[in-house]
Every structure is written in C-alpha cells, then in structure tokens.
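Residues per chain are reported as follows:
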Amino acid sequence: MKVGRRSFLSFIIGGAAGTAITPLPWKLMDDASIWSQNWPWTPVPPDGEYSYVNSVCTLCPGGCGISVRKVDDRVVKIEGMKGYPVNAGGICVLGLSGHQLLYSPTRVKSPLKRVGKRGEGKWEKISWDEAISEVAKKLSEIRSKGESHSVGSIVNADSGTIPNLFKRFLTAYGSPNFMTMPSMQDSYKMTLQLMQGVNAQAGFDAENADFILSFGSGIIDGWGSPVRMFKANSTWKANGKKVVQIEPRLSNTAAKSDKWIPIKPGTEAALALGLANVIITNSQHSQKISQSSGFESFKKLVQNEYSTDKVSQITGIDSASIVSLAKTFASASKPLAICGRGQGSTPGSLNEFMAVHALNALVGNINEQGGVWAVPEVDYIKWPEVNLDETATNGVQKERVDGAGSEYPHAKSLLNRLAEVVNSGDGSLEALFVTGANPLYSMPDSKAMKKAFDSIPFVVSFSSYMDETASNSDLILPNHVCLERYEDVPTTAGLQKNIIGLTRPVVKPQFSTKNVGDTIMLIAKALGGSIAEAFPWDSYEACLKETLGAKWDVLVENGFWSDSNSKTVSGEFNFYPKAMESLSNFSPVSLEGSTASYPLVLIPYDSIRLANGYIGDPPFVIKAVEDTVLNGKAACVEVNPKTGKELGLTEGRYASLHTPRGKAKVKVHLYEGIMPGIIALPRGLGHTAYDKYLAGKGCNFNELIGPAEDPVSGLDAAWGIRARLTKV
Amino acid sequence: MDSALIPKGLKRCSIGKFYLGIALVGAVVLWGVYAMLLVWIKGLNQTNMNDSYGFALWIWADLGIIALGGGAFFTGFLRYIIGKDELKNIINYAVVIGFVCYASAQLILGIDVGQPLRGWFIFWHANVHSMLTEVAFCLTCYFGVLVIEYIPLLLENRQIDKVPFFHNLGHNMHEIMAIFAATGAFLSFFHQGSLGGVAGVLYGRPFAVREGLFIWPWTFFLFTWSAAAFGPCFTLFVTRLTEKITGKKLVKQNVIDLLAKIAGWMMGTYIIAKIIDTWYWATVTAPSKGFTFMDFYSDNSFYGIWILIAEIVVGGIIPALILLSPKGRSNSTALFTAVSLACIGVLINRWVMVLQVMAHPVMTFENWFLYVPSWQEVATTILPVAGGIIVIALSYRYLPIFPQEKELNP
Amino acid sequence: MKEEGKHNKKAKKYGMVINLDNCTGCGACMVACMAENNVPFKEDESDKLDSITWMRVYKLANGESYPDADICYLPRPCMHCEGYHGHSPCVSVCPAVATDYNHDTGIVSQIYTRCFGCRYCMGACPYHARYFNWWDPVWPEGMTKYLSPNVSARMRGIVEKCSFCFHRHQLAMDKAFLEGRTELEENEYQTSCTQACPAGAITFGDLNNPHHKVNQMVKPDNKHGGRPGDPNAFRLLERLGTNPKVYYISSKEWVRRAGDNYLANEDRTVQQH
C-alpha cells in the first residue's frame, strides 16, 4: 500500500485525536499523579489495633507517668498520664520523644565486645552467655588477686532496686566503690544532715507556697521534676503568687518570674546571708528559730559580716532591693527559698545550700505547708543482709577511691573527684561498671574523665545506646529501654511525698537486650559462691515483685504507689557547730583562670529543650532547639551586646572560646538578657556519640569547665569558669 | 550547505560560524538542562528557596518574561485590531519573541512546582477564586494562540512552503490571523492582569496588597498596562540587538518609531498610574495595617528606597520621556538606552512584587528574609533564555521574519 | 469552597487560646505536634526557614537593654484564619483547592494528595504557618515503626501545616456517631499540643459555644470579625483582616503590642476596637 503524505498526515492527526478521546492519556496522567502520591520511599504507616499502656518515664529523674498509644505492637505516641500525681497529664519534650529512642538506630542491639582500640568503634557481636562469662572471668581474676575493692560502678541514682542491686553486687563482691551521678540532691541531703541532723531528701511543697525566692533554680527550665514545676508555676500565676528569680541571666524562669534580680554569679550565698541579716534585724524571723542552738552565733555572723551595704557590694544588687526583698520574703505567709542552679544537675556550694536553708528556717517553713520538707527515703527495699566471704569483708572495708566517707566524711559518692584521683595516681580501678549514666559526657572536665577511663583496664557499659561512655568501653551489655522493661521509679526530684512509679514493658524488646537487673544477677550467679547467694531471685521481675510486696498490685493497677500521708523526718533545725563553722569560713567559690588571660566569666545555662544527662536529645527535641542556641554545627554563646561591642563581635559570627580547660568554636548570639562581662553556653550539646541528628553539634560545656571541690562536702561546687572570647 | 533552507535573496553568515555560535549557547542550554534534571530528580531542595521564600527567582523570571513577551499581544493588538498596518513589519518578530517568552515561562513553571506530575490539577481541580488559576488558563490558551501564530511563520520556510498542503495551510492561517490576534489580546489582558493580581490579592502581605475594582486589585490593571508598555520595548530591544549582531538594518525606522512612540505613551501613562498607586498604598493602605512607607525600605541590607527610585524614575520616567520625544526616538543610542532601561524597570517591578513581598517581615518579631538563588535556580532561569536565543537564531536564519530585510539589504 | 455550613446554626468555630503568661517556652507543644502528625526531621534542623514545625514557638524580646530586657514565648500553630466569610489568605489563592475552609468546623484543611506544590499559599500566609517538603521525608532505619496511621506521611514537593489535629476530630465524631450522638463534648476533641502542654497554657474548643472555655476566656465578638472581648487578649496581625482563630492572652502590654504592627503614635487598644 502506498502511503501518501496526505494520508500519512491524516493518520497521524486522526490517531492523535482518536487517542485523546480514549481514556488512555487521562488514565496515564492520573496514574502518574497517583504514583507521585505513593512514592515507594514515602512510608505508609500500617493500621492496626489501638491500645494505651500506662507506664513511667525514666528518661530523667522527674518520674512522670506516661500513657503510651500503641497500634498493634508498635508505639506511635507517648502522652502524659492523666491523674498521675507527679505530672497530671502533662509531659515534656523528652518524654514525648521516648519512642524515637525506642526505635533509634543508635541503640546497642546486642552485647558487643570491643575488637579495635578503645573508642575506635570496632565491635564484635557476642552472645549473652559469652558476654556474661567474659565479665565473670575478668571479675574472678581481679578478685582472686585480692583486688576486689578496685572494681567500681557508676549508677544514675542510689534509690530503687536497680541501683541497690549494683550496690549489693559490689558489697557481695567486695568493693566499696559504688558511685552515683551527682546532683543538687546530694547537697540538699548534706544540708539536711548538717542543719537538721537527719538523713532525708529535700522535698518542696511548691504548690502551696505563696512567695518563691529562687537562687538561680530553673523552675521552668527543668529543675526538680520538670513537668510538676511547670504546673506549679501555672498555679502560682493563676493564684497571684509571686516568684523572684536571682541569677545573672534572664532565663526562661527569670522572664516568667514576677521579678528578676540579676546577681554577680557565685555570690548567692552572701545574698542569702544578707537577707537573713535584714530579717533578723527587723525581727521578722520566727520565734522558734531564735531558740535554736547556735542562733546567736548565726545572728552575730550575719550582722557582722553581711551588712546590707557589704552584701550589696558583693552581689552587685543595690541595698534597697535587698532590704525590700528580705521584707517581702519574710512577710509572705508561705515563703519558700530554693536553690540548685539551672536544672540542679551539679551539686553546687554547700554554704549556698545551707544559707538558703537557713533562710527557710528563719521564716519557719521547714516541714510546714508550702515549705521545705525533710522527706524520708522510701524504705521498701528490705533485702536480707549479704553474707560476706573473707575477700568481700576485706574489700568493703577499704577506702573508697573517690574519698567519700574518708576525706569527706559526709559524702556518699564523689564522682567529681574520680578523674583527678585516678589521673594523679592516688587511686586506681581495675574494672568499672556504668549504667544509666554517661559520665564521659556529663561530668565536668569530660576530657580528664576520659583520660581516667583510659587507665581503667576493664570498662563495662550497660547502656541501651551507643553513647560516649559506651563507645569508650570494652564490653556493652545493653539494657532494655524504658518502654521495654520493668523498673521501680522512686521519685526523688524534690517531691514532698514518697511516690513510686512502675515502668513496665509497653512493647516486647526490639533487640537482643536484657534488663540490667537480670544482667547483674546473671553476672553474680556466674561468679558463684557468696556472691551468687546474695541474689536468690530467679529473675529481676521476680526480685521486683518480691521487693515491692503488697505495693506491686497497687503499682500494676494504678501505675504508681504513693504515701497516703505525707511523711517528714522530724529533725529540729539548728545552727549546729559544723554548719556554723562552714558558714563562717564562707568565701565565694573562686573561679579557675586568671583575669588577665581570661577576662570574661563563662556560665552554663540549662534548657528543657536540651537533655544534658544520660540521655541526649532525640531528633524531635534537637529539632525544637532554637537557632539562637544551636546554629548549624555551632553552639551559640550568649553575649551582652555591650560586651560584644567591646570585643568587636556581632550577631551570628564565629568566635573562639577559650577557658583554662578547653576551647571551642562557637557562634555569637547577642542577648540583652545577660549581664555584661558574663557569657553563657547551653548545656546538652556537643555530643560525639549518638546519631547524626545529635553528634557533632555544638560544644560540650563540660569540656570547658573543671570541677571545684567544695571544702566541706567535697562535691563539685563549680558554677562557671573564666573565659576568653575572640574573633575567628 | 544549508543554503536551500535559507529564505531566497537573504544573506546569512556561514554555517560554521552559525553553528559554532549555536553550540556555545547550546552548552549553556545543557548546563540548564542538567540543573533542571537535578531539580526534577532531587526536588526543590536544590534551590535556595525556603519556607519564607516560597516564591523566588523563578516566579520573578516568569512574571518578568511574560511582561517582556507582552510585545507579542500588544503589537498584534495594534496591528490587527487598531489597524496600525506598518507594524506588520515587526509583528513576526514580536510573535517569535512572545513565543519564546511564553514557552520559557511554561518550562520554568514546570520546574518550579513541587509535584510537576500533578501540574494538571490546576485545570482539573481549578479554584475559580485563585489568581493563579486564571493565570494558568489564560497563559495556556494564549500559548496555544502563539503556537498558532508561529506555525504560519514556520511554514514560510522555503522547503516547507514547497509542499502545497503546507503552503495552503500557511496561507489560510494568515487569513484568519486577526481572529487569533484578537483572542490573544483578550487572553493577554487577563493573564497579564491576573499575574498582577497574584501579588495584589495577598492581603496577608502589606507590601503586596492593593485595593481595587471588584475582584481585581489595582496591580491587575497595572500589570496589563505595564506589559503593554514594556513588552514592545523588549521587542524593540531584541530587534535592535539582532540588527547589531547581524550588522544589518532589518526594520525601517518609521516602524520602530511608531512602536516606540506608542510604548512611550503607554509607559508615560502607566508610570503616572503607578505613582498614584504607590502614593495611595503608602499613605492609606499600608498605614491602615500599621506600617509606614519607610518600614518597607529600611532595616535590611538590600531593599532600600533606591529600588523604588530605580523602578519608577530610572526604569519608568526616564525611558518614557526619551520615547515620547521624537528626538530621542530618532537617536539610535538614546532609543536603545530607553528600551534597555524600560526592560530593567519592568523587571525590577516584577522583582519587588515577588521577592520584596516575601522579604518584608510581617510579624513584628521577625526580621527581613534575604535570599540568594542557588546555581541550580540561576541555571534553570538562564536555560530558557539560552533556548530562546537558539529558537530566535534558527527562526531568523531559516524563516523570512523581517519583510523589509531584502529591501533594506539589497 | 464548600458552603454547607454557612447557614448551619450549629456550625463550630474551633479555636485556641494560648496564655502567654503561663507558656514557659518548653517546646512540648512543638514536639507533641511532630509526634502526633508524623512530621519528618532531617540532620540539620537549625535553619528554621527549612524546618517543618507546624507548631513553632517564637521567642519575643521587648527590645530593652540589660537589665530591663524581657522575653516572652509565643507558640504559633496555623491560625485557621476565617478571613472574610472563609476567604482565608491561603484558601483563596490555592489554584487547585488543595486547601479548604470548612464552614462546619472553621478548620483550614490541607489535602496533601491534591497539592502540587506551587507554594502560593505560603506566600499568602503572613504567619509562616505553612511548610513545604523541600526534601523527601526520610526516617532512620527502624523509626518508621512509630509512624501513626491516623496521619499520612507527606511526600516531597507539597505543602503541609497544622490541621488542629483534624484526625482527632474525625475519630471523636466516629465514636460519637457509634454512640448515637451528633455533638462532641468539649474534652472529646483536643489537639495534641493542648493535651501535652505541661503548663496548661493552651486551651482548645469551639469559639462559638458559650459553654466552652475558649469562648469564656476571650469572649470573641463574631459580629466584628471575632475580635476578643478580653482586654488582655489579642490575635496576631488582626489588622490585616485575616480573622485568625488563635487568641493569645498576656498581662504584658509590650507582648500584646508585639502581636500586630502599629504606627509609632498609635494606641493599640484604640486600633483594635
């Protein structure tokens, strides 16, 4: 057939027109757009059966009840548990992101044994049996050499069954070196011990107070149990209660307070004593306190040494403000003074705590409604005494490596001293267990800590995540995350009531992990003898049930157990000689570094959007961090515009920050809310471990600061360090 | 070698020289195509746009080239509707330029949308309230008209014209061109206007928003008007540029003069209207929303009052005055300066109506948002320009675009 | 645009009241929103102009120098503007009806599968409440497990924004329907951010319903574009005529003034009423 040009054209045009009226092109067009709606790399979450499981969050010491929404066996959302006595339905950014940690790629998915150099990141997967026998072998060796006291453990807290299992393990094994992560609670405990002669936690009846005088406590920046404090803050607002915030930086707490009084950092104790002087001079103090022992010498001390003018000079607060603050504080019906800087993650100066506690005592609000309560520790752990064999008996009597109980008789644990003691050769450890803590990140002078770790031959981490400490260990025996495990959570963070929460498995374990309680028991059993006998339980769950006894059913039913009546340890407040001696010798904690080479003062600040403890920020939380805190890969240092001008630094530019302990490249954020001459860095950045969402962002404040031993407590009293900021 | 394709009696440069030039421009096209593929495959993260700059360089380029391409509809309108017969000597070129501009706009839009495969939703799920819907419909229809206007030109190629079918087709199409020109003019009035409406209706953006007539904000009318004023300038600009490159006079001075004069009048009246609009906006509209005039031109490192002066005085009043004076029109340099300034002026107008709108902070606690386009954005914006150069060059070489060329270059 | 609800006397006007005095800037609302709505995240989210945060907490400063400086946090969800008769700034410009004003609930929806990514709505929104998916959403290995089936994951190249957790409304309505009800109780439909806020700063409900807390808190005057009756209440950029449904309460005048633009000599309270 001959195809002419004309017929060919007709064919083409006719064909095109014909195709156009068929469904084909339209169908193809539609398919193309549907395809773009279901790009295979855009996930389609599967539907399933919905359910809620109540549990307790362990991501910080706050101990909030959570209500976990599930679809089949997947966690899809974490919400605050309604009616839970701590948080009453509220929740914080970290708790909300718990499911990101559950499914995080940074989780340690099975026991790992280091194969490369330490910290190199080369691991070999091993079985649980191998892992347990590896630890047991090493510990047997050490023990057989009679070095059992050279094994230590670092645990997040000292209450609850898990810390107590570790304590018990060390005791049975023969070591006194049970160390905990420090916090302001250590200083508060010691204060209650020295001023009331009691062994108790400090609890704050914040909701019932009507005038809150905060010496730098980040009431809404994560101090105490964060969500509970947020709620208390809202209650104060609703009822017209007043908050006065004393700190050199306009923190969120300062901004939301009724009055922000900037103070030269480190002089808070002097202010507290100055306020005490005004109160005593005006006879606004309680009758009871004037009869307490040592009151006269306290009176003499504050009248002689802390006259308003002198305090004004020390603190930089004008005299009139001091007098009027003292008056309003003392005339409030339920005044409450609190301390512990920021989130209270460092213990601070003992004198400061005692001075503030004295203020509370002066206005008579100790163990009173709206005041500070000496809360007894919940005593539900009543395990039989451990039968010590000879090695253990010898071992536990040895001096602790950190000097707690010996050099510093009141201290129970002084982790802040570990690095120095080990690095200077005054003490050594053969093996170290770390659980629920990340000391290589969160201890001051983390580089020195790392050096100390390097000299410990055997480091075992029980971390669920590949954090800084885990990645510098020899063996990782990963714990379940809190959504996978049982654990009792006695809440200690400043609550005025004993509350135990129950963390329970919400989903089945995602990886080959084990509850650390089971792991430590398995190690004990592998060691045999009296050590194994100290752990008569079949499993951690059995241990927990037995320990909690009747409380177990309540916990399973309600998710928490709380004392029906608030209990306090009655211990009369007195100005005991030991406390008075300390207060008389008070001088502000001196800062490391010389003024000449380091003209500025660097202080840390805490943000609820930056987790700075064991857990680092999950992706959602780091996403919520402002660009004036973290900008690209750089942390922002807050500088007063006046200081910035003197240094020639403008907003957003890079600068080099030097302290006697380290240096960092930072970005400048000019902030009118910070005292000239002071600069502030956020805590919680600068991780080297975890995932790409967190690692390598900003700098770790702890690399820039070193610990300063409090002369009485031995705890870390450092609140800042001298620094230099220069243009890059 | 390709002499058989070149219109009879016209001189063209050597094929080697021509294709060397095309190859050079073609390299730029390839660069643009590479950027375009990057954007299509990897997505709009290849740009420097962000959530404060949803509209940026591309939308400016679209608005700009459509304003510059306005020469096609307005010259057609003058030639076929008003009956300015002399303009038949430049209308072909205006159509080619218009075709290039509108094809470019469509291409850029195709790159600009986040889901190009769903582009047709704008027709299928059309929202009649949206200015963009109006733009899409009119723009597409008008592009169709331009294609229809361009086809008879193509058919005039010596070899194609030999085919009786195409010869007759071309002839018949020429006969009815007035209808298409009228349709085109009608469509253009709307889409040029609705492009103006795109910014003018943004009542959340005090820098852009204008009061208006019925559903149309004043920018609607200003944009149509400015396209009619500045589009012919671009036609003249390209014509003059072509003459410079080819070294030949292609259009008689009286034709140029006529178009320039009309453009001058349009521009003069437009600029008066624009000044009144700006004045009213600065003294009534903006203050009613809590802004002073200078709020829009201060506190940032780029958008100063200079940009308004550049747009209105340098790119409006000055070229209008030159074009309105017979002396200015007859002086080749002055004319070229005037049309160049005019093109810059209208491009600045489109720039501020897109980018300054996005840059100006509306919430009191935000700062100015400044933006620098990524190379991918620049490359894809240059892509249609380079492509346009090739289309124009090929059209010039192989089609009898300029009816007066033979006469002027014996 | 659907107009069914226009003459429906029972039409709801869901809105939010945020007490800025209580807001601590903790960011729980932001994260609760991300978790509820399958919001993706990427390696660097510090460029806030390219960071999808349906709910974003802004930090406002009073502009004074130390020690008179003051700051205030301001959470900004989508305002669900009613504009004039539902012609909110974004809805009226969307060329493909991918965003719509629901006259029954007052909620501005976003239809992800309809949106073709022209971003005109983003240009129209003065609150920067609209976010574009510049990137493919990518979750690290294993993390897709936590995605909620109630909200679809968005694909690259489209716009998304706060929906007032509209899926929660649907779930609550489904439940009510099964129980033979057509009306919801106030607490049956609450957004994720409202529920999470540890400071109780966010209140959510039907602004048209005098029994709902939101109505009682700000006393909106519907005859005058919903302007608040409470002198401490304000809305963002009210003067533009966007008629937003998110109200703020602050006891500080500088904060209230920061909510809108005023000429130097203007009195805020006079301009507002």
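A quick note: this is a predicted structure, and the numbers were derived from the prediction, not measured.

*Asks:* Explain the overall build of chain A to me, and be specific about the residues and the numbers.
*Replies:* Secondary structure assignment for chain A yields 27 helices and 26 strands. Computed over C-alpha atoms, the radius of gyration of chain A comes to 29 Å, within 12% of the 27 Å expected from 2.2 N^0.38 for 728 residues, which places it in the range of a compact globule. Overall size of chain A, expressed as C-alpha extent along the three principal axes, is 125 × 65 × 55 Å. Residues classed as buried in chain A amount to 60% of the 728 residues present. Of the contacts made within chain A by residues no fewer than 6 positions apart, 74% connect residues no fewer than 24 positions apart.

*Asks:* So what's going on with the overall build of chain C? Which residues, and what values?
*Replies:* Along the backbone of chain C there are 7 helices and 10 strands. For 273 residues, the compact-globule estimate of 2.2 N^0.38 gives 19 Å, and the C-alpha radius of gyration of chain C, at 19 Å, lies within 12% of that figure. When its C-alpha atoms are laid out on the principal axes, chain C stretches across 50 × 45 × 35 Å. Within chain C, buried positions represent 60% of all 273 residues. Long-range contacts, defined here as pairs at least 24 residues apart, represent 61% of the contacts in chain C between residues at least 6 apart.

*Asks:* Report on the interface of chain A and chain B, specifying residues and quantitative values.
*Replies:* Contacts between the two partners involve 5 residues from chain A and, on the opposite side, 5 residues from chain B. The residue makeup of the side of chain A that touches chain B, split by class, is 2 nonpolar, 2 polar and 1 charged.

*Asks:* Go over the interface of chain A and chain C with me, naming the residues and quoting the values.
*Replies:* Every contact between the two is made by 62 residues of chain A and, on the other side, 53 residues of chain C. Contributions of two or more residues to the side of chain A that touches chain C are made by helix H2 (24-37), strand S3 (74-80), helix H3 (93-96), helix H4 (98-102), helix H8 (226-239), helix H9 (252-256), helix H26 (619-623) and strand S21 (630-631) of chain A. Its residues assigned to classes, the side of chain A that touches chain C shows 32 nonpolar, 16 polar and 14 charged.

*Asks:* Outline the domain arrangement of chain A, supporting the account with residue identities and numerical values.
*Replies:* For chain A, the assigned domains read domain 1 (5-37), domain 2 (112-182 + 379-405 + 413-480 + 510-547), domain 3 (206-370) and domain 4 (600-727). Put simply, the middle of domain 2 of chain A and the middle of domain 3 of chain A, counted by C-alpha atoms, are 39 Å apart.

*Asks:* I'd love a proper account of helix H13 (residues 308-315) of chain A, names of residues and values included.
*Replies:* For the α-helix, the turn length of 3.6 residues means that residues three or four positions removed from each other point alike. All names here are of chain A. Within H13 the residues assigned to the buried category are Thr 308, Val 311 and Thr 315. Buried residues along H13 cover an arc of 60° about the axis, so they all sit on one side. Looking at the buried residues of H13, the elements they touch are helix H10 (268-281) and helix H14 (319-331). Once H13 ends, the next one or two residues include Gly 316, with phi positive near 80°.

*Asks:* Please give an account of helix H2 (residues 57-68) of chain B that cites residues and values.
*Replies:* Residue and element names in this part refer to chain B. Look at H2: 16 Å from first C-alpha to last across 12 residues, which is about the 16 Å you get at 1.5 Å a residue. Within H2, 12 of the 12 residues are buried, leaving the element largely enclosed by the surrounding structure. Listed in full, the buried residues belonging to H2 are Leu 57, Trp 58, Ile 59, Trp 60, Ala 61, Asp 62, Leu 63, Gly 64, Ile 65, Ile 66, Ala 67 and Leu 68. Lining the buried residues of H2 we find helix H3 (70-82), helix H4 (88-112), helix H9 (177-200), helix H10 (218-246), helix H14 (332-359) and helix H15 (375-398).

*Asks:* An account of the sheet that holds strand S19 (residues 560-562) of chain A is requested, with residue identities and associated values reported.
*Replies:* Residue and element names in this part refer to chain A. Ordered by their spatial adjacency, 3 strands build an open sheet running S17-S18-S19, and the pairing between neighbours is antiparallel. Of all strands in the sheet, those with a lone pairing partner are strand S17 (487-491) and S19, marking the two edges. With direction set aside, neighbouring strand axes in the sheet form an average angle of 20°. Looking at chain direction, S17 and strand S18 (residues 499-503) are connected through 5 bridges and run antiparallel. When the bridges of S18 are listed, Val 489 appears paired with Gly 501.

*Asks:* Before we move on, could you go through the sheet that holds strand S9 (residues 211-214) of chain A and cite the residues and values that matter?
*Replies:* Residues and elements named next belong to chain A. With parallel pairing, 4 strands are arranged side by side in an open sheet as S11-S10-S9-S12. The strands lining the two open edges of the sheet, one partner per strand, are strand S11 (259-261) and strand S12 (335-338). When the angles between neighbouring strand axes are averaged without regard to direction, this sheet yields 15°. Alignment of strand S10 (residues 242-246) against S11, held across 3 bridges, turns out to be parallel. Of the residues in S11, the one forming a bridge with Ile 246 is Ile 261.

*Asks:* Lay out the environment of A:Gln284 in plain terms, naming residues and giving numbers.
*Replies:* Residues and elements named next belong to chain A. One can find Gln 284 in the loop between H10 and helix H11 (287-290). C-beta crowding within 10 Å serves as the criterion here: with 15 such atoms nearby, Gln 284 is assigned to the partly exposed category. Those residues in contact with Gln 284 that lie beyond four places of it in its chain are Ile 279, Ala 330 and Ser 331.

*Asks:* Requested: an account of the pairing of strand S2 (residues 65-71) of chain A, with residues and values cited.
*Replies:* Residue and element names in this part refer to chain A. Across the 7 residues that make up S2, a large majority, 5, are buried. Relative to S2, strand S1 (residues 50-56) is paired through 7 bridges, and the arrangement is antiparallel. Its bridge partner lying in S2, Tyr 52 is registered against Arg 69. Relative to S3, S2 is paired through 6 bridges, and the arrangement is antiparallel. Its bridge partner being in S3, Arg 69 is matched across the sheet by Lys 77. Hairpin connection from S2 to S3: 2 residues lie between these consecutive antiparallel strands, with Asp 72 at a positive phi of about 50°.

*Asks:* Talk me through the pairing of strand S26 (residues 721-727) of chain A; I want residue IDs and the actual numbers.
*Replies:* Residue and element names in this part refer to chain A. Most of S26 is tucked away, with 5 of its 7 residues classed as buried. Relative to S26, strand S20 (residues 600-605) is paired through 3 bridges, and the arrangement is antiparallel. Paired with Leu 600 across the strands is Ala 723, a residue of S26. Where strand S23 (residues 654-659) meets S26, 4 bridges bridge the pair, whose relative direction is antiparallel. Of the residues in S26, the one forming a bridge with Leu 657 is Leu 725.

*Asks:* Before we move on, could you go through the packing of H9(B) against H10(B) and cite the residues and values that matter?
*Replies:* Residue and element names in this part refer to chain B. One way to put it is that H9 packs onto H10 with a least axis distance of 7 Å and a crossing angle of 135°. By the criterion of interaxial angle, the relationship of H9 to H10 is oblique. The two elements H9 and H10 meet at a crossing, and its hand is right-handed. Across the interface between the two elements, Phe 189, Gln 192, Gly 193, Ser 194, Leu 195, Gly 196, Gly 197, Ala 199 and Gly 200 of H9 pack against Trp 218, Thr 219, Phe 220, Phe 221, Leu 222, Phe 223, Thr 224 and Ala 227 of H10. For the contact of H9 with H10, a count of residues per class yields 9 nonpolar, 8 polar and no charged.

*Asks:* An account of the nonpolar core is needed here, citing residue identities and associated values.
*Replies:* Grouped together as the largest cluster of nonpolar side chains are 454 residues, with contacts concentrated most on A:Leu96, A:Leu275, A:Val637, B:Phe230, C:Ala28, C:Cys29 and C:Val31. In this view, A:Leu96 contacts A:Ile78, A:Ile91, A:Phe620, C:Ala28, C:Val31, C:Ala32, C:Ala35 and C:Ala196; residues no more than four positions away in its chain are not counted.

*Asks:* Describe in detail the environment of B:Ile275, supporting the description with residues and values.
*Replies:* All names here are of chain B. With respect to the helices and strands, Ile 275 occurs in helix H11 (residues 253-288). For Ile 275, a count of 14 C-beta atoms within 10 Å puts it in the partly exposed group. When the C-alpha atoms of Ile 275 and Ile 312 are compared, they prove to be 7.8 Å apart, with 37 residues separating the residues in sequence.

*Asks:* Any details on the environment of A:Ser590? Residues and values, ideally.
*Replies:* Residues and elements named next belong to chain A. Looking at the element boundaries, Ser 590 is found in the loop between helix H25 (577-584) and S20. Accessibility expressed as a C-beta count within 10 Å gives 11 for Ser 590, which makes it exposed. Residues Ser 590 and Ile 154, spaced 436 residues apart in sequence, show a C-alpha to C-alpha distance of 28 Å.

About the criteria used
Residues numbered from 1 in each chain as written. Chains lettered and ligands numbered in written order. Predicted model: local features only at pLDDT ≥ 70, side-chain atom pairs only at ≥ 80, totals over all residues. Helix = DSSP H or I, 4+ residues; strand = E, 2+ residues; numbered from the N terminus. Rg over C-alpha atoms; globule rule 2.2 N^0.38 Å. Buried ≥ 20, exposed ≤ 12 C-beta atoms within 10 Å, placed from the backbone. Contact = placed C-beta atoms within 7 Å. Nonpolar A, V, L, I, M, F, W, Y, C, P; charged D, E, K, R; others polar. Domains from an automatic or database assignment. Arc of directions from axis to C-beta. Expected span 1.5 Å × (residues − 1). Pairing = 2+ DSSP bridges. Axes fitted to C-alpha atoms, helices over the stretch in contact; angles between N-to-C directions. Parallel < 35°, antiparallel > 145°, perpendicular 65-115°, else oblique. Left-handed = near helix turned anticlockwise from the far one by under 90°. Core = buried A, V, L, I, M, F, W, Y, C linked by C-beta atoms within 7 Å.

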